[in-house]
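# Understanding the architecture of this molecule
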Amino acid sequence: MPNAAMKDLRGRMEKAIDFFRNELLGVRTGRAHPALVEEIKVDYYGATTPIKQMGTVTTPEPRQILIAPWDKTALKAIEKAILASPLGVTPQNDGENIRINLPELTRERRVDLTKLVRKYAEEARVVIRNLRREGNETFKKMEKDTLITEDARDKFLKEIQVMTDEFIKKIDQILEEKEKEIMEQ
């Protein structure tokens, strides 16, 4: 039972890291990436639908995103949703596809994006720390219920701390890479 709890805790921490990585995909850097627009919600026949479920999203050029909807009648709705998004770009509708040309980021915008990425990293660290706290409480309860010994509890608490440090380090590495990517000219 204690090993299953440790395995579960590791899995939950890995999911937190994956969520953090996915969150960072939506942060615009100097290059175009389909994840910048895939999750933008479009009002499509009365239902809010993400762009990725409405067509193909590609990057034909380093600074361009191409959206090819399967239903050409959705072009106006997609265009409207992109204009309303916090991306801050104007889509070009050619009647078949929507093209989004990403302008060069200014120094000020790069600094703002770096701050945003750091905020996401801190939120991910908080999630990891909360998982550590939950894990610690689980093992303390097991000891209280005499499922494990005090020595075993202490061993598991140390393992949880090592695991927490490992995942915090991963978050810091991912953050460092993303900041470097944002600040590249």
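Description of the structure in this document.

Rules of the game
Residues numbered from 1 in each chain as written. Predicted model: local features only at pLDDT ≥ 70, side-chain atom pairs only at ≥ 80, totals over all residues. Heavy atoms only, no water. Helix = DSSP H or I, 4+ residues; strand = E, 2+ residues; numbered from the N terminus. Rg over C-alpha atoms; globule rule 2.2 N^0.38 Å. Buried < 20%, exposed > 50% of the residue type's maximum accessible area, 1.4 Å probe, protein only. Core = buried A, V, L, I, M, F, W, Y, C linked by side-chain atoms within 4.5 Å. Contact = heavy atoms within 4.5 Å. Phe/Tyr/Trp six-rings, centres within 6.5 Å; stacked < 30°, edge-to-face > 60°. Lys NZ or Arg CZ within 6 Å of the ring centre and 35° of its normal. Axes fitted to C-alpha atoms, helices over the stretch in contact; angles between N-to-C directions. Parallel < 35°, antiparallel > 145°, perpendicular 65-115°, else oblique. Nonpolar A, V, L, I, M, F, W, Y, C, P; charged D, E, K, R; others polar. Pairing = 2+ DSSP bridges. Polar contact = N/O pair within 3.5 Å; in protein donor to acceptor, adjacent residues only side chain to side chain. Lys, Arg positive; Asp, Glu negative; His and termini not counted. Salt bridge = Lys/Arg side-chain N within 4 Å of Asp/Glu carboxyl O.

The next thing to look at is the overall build of the chain. A count of helical and extended segments in the chain gives 5 helices and 6 strands. Across the chain, helices and strands are ordered from the amino to the carboxyl terminus as α-α-β-β-β-β-α-β-β-α-α. For 185 residues, the compact-globule estimate of 2.2 N^0.38 gives 16 Å, and the chain exceeds it by more than 25% at 22 Å. Looking at the chain residue by residue over its 185 residues, the buried ones come to 40%.

It is worth spelling out the nonpolar core at this point. Membership of the largest hydrophobic core comes to 29 residues, with the highest contact counts inside it found for Met 13, Phe 20, Ile 128, Phe 139 and Ile 171. Looking at this core, the elements that each hand over two or more residues are α1 (2-25), α4 (107-144) and α5 (150-183). Ranked by residue count, the leading element in this core is α5, at 10 residues. Here Phe 139 is in contact with Pro 2, Ala 5, Met 6, Ile 148, Arg 153, Phe 156, Leu 157 and Ile 160, once residues within four sequence places are set aside. Core analysis: the next-biggest nonpolar cluster, separate from the first, contains 20 residues, Val 37, Ala 74, Ile 98 and Leu 102 among them.

Before going further, it helps to examine the packing of aromatic side chains. The final tally for this structure, using the stated rule, is 2 aromatic pairs. One cation-aromatic arrangement involves Lys 155 over Phe 156; the distance from NZ or CZ to the ring centre is 4.6 Å.

A few words on the packing of α1 against α4. Close contact between α1 and α4 brings their axes to 10 Å; oriented N to C, the two are set at 170°. The angle between α1 and α4 places the two elements in the roughly antiparallel class. Each residue belonging to the contact of α1 with α4 can be placed in one class, and the counts come to 17 nonpolar, 1 polar and 5 charged.

With that settled, consider the pairing of strand β4 (residues 64-69). Within β4, 5 of the 6 residues are buried, which leaves it mostly tucked inside the rest of the structure. Taken together, the 4 bridges between β4 and strand β6 (residues 98-101) define a ladder with antiparallel strand orientation. Bridge pairing links Gln 64 to Asn 101 in β6.

Turning our attention to the sheet that holds strand β3 (residues 55-61). Strand order in the open sheet formed by 4 strands is β3-β4-β6-β5, and the pairing between neighbours is antiparallel. In this open sheet, the two strands that pair with only one neighbour each are β3 and β5 (92-93). Across the sheet, helix α3 (residues 75-84) lies against β4, β5 and β6, angled at about 20° from β6, the strand it touches most.

Let us look at the side chain of Arg 153. For Arg 153, the position within the fold is in helix α5. One polar contact links Arg 153 to Glu 143, side chain to side chain, over a distance of 2.8 Å. Setting aside anything within four residues of it in sequence, one finds Arg 153 in contact with Phe 139, Lys 140, Glu 143 and Ile 148.

Looking now at the side chain of Glu 79. You can see Glu 79 is positioned in helix α3. In this structure, Glu 79 is buried with no salt-bridge partner, the nearest side chain bearing the opposite charge being Lys 76 at 4.1 Å. Among the polar contacts made by the side chain of Glu 79, one reaches the side chain of Asn 93 at a distance of 3.3 Å. Each residue touching Glu 79, except ones within four places of it in the same chain, is listed here: Pro 91, Asn 93 and Ile 98.

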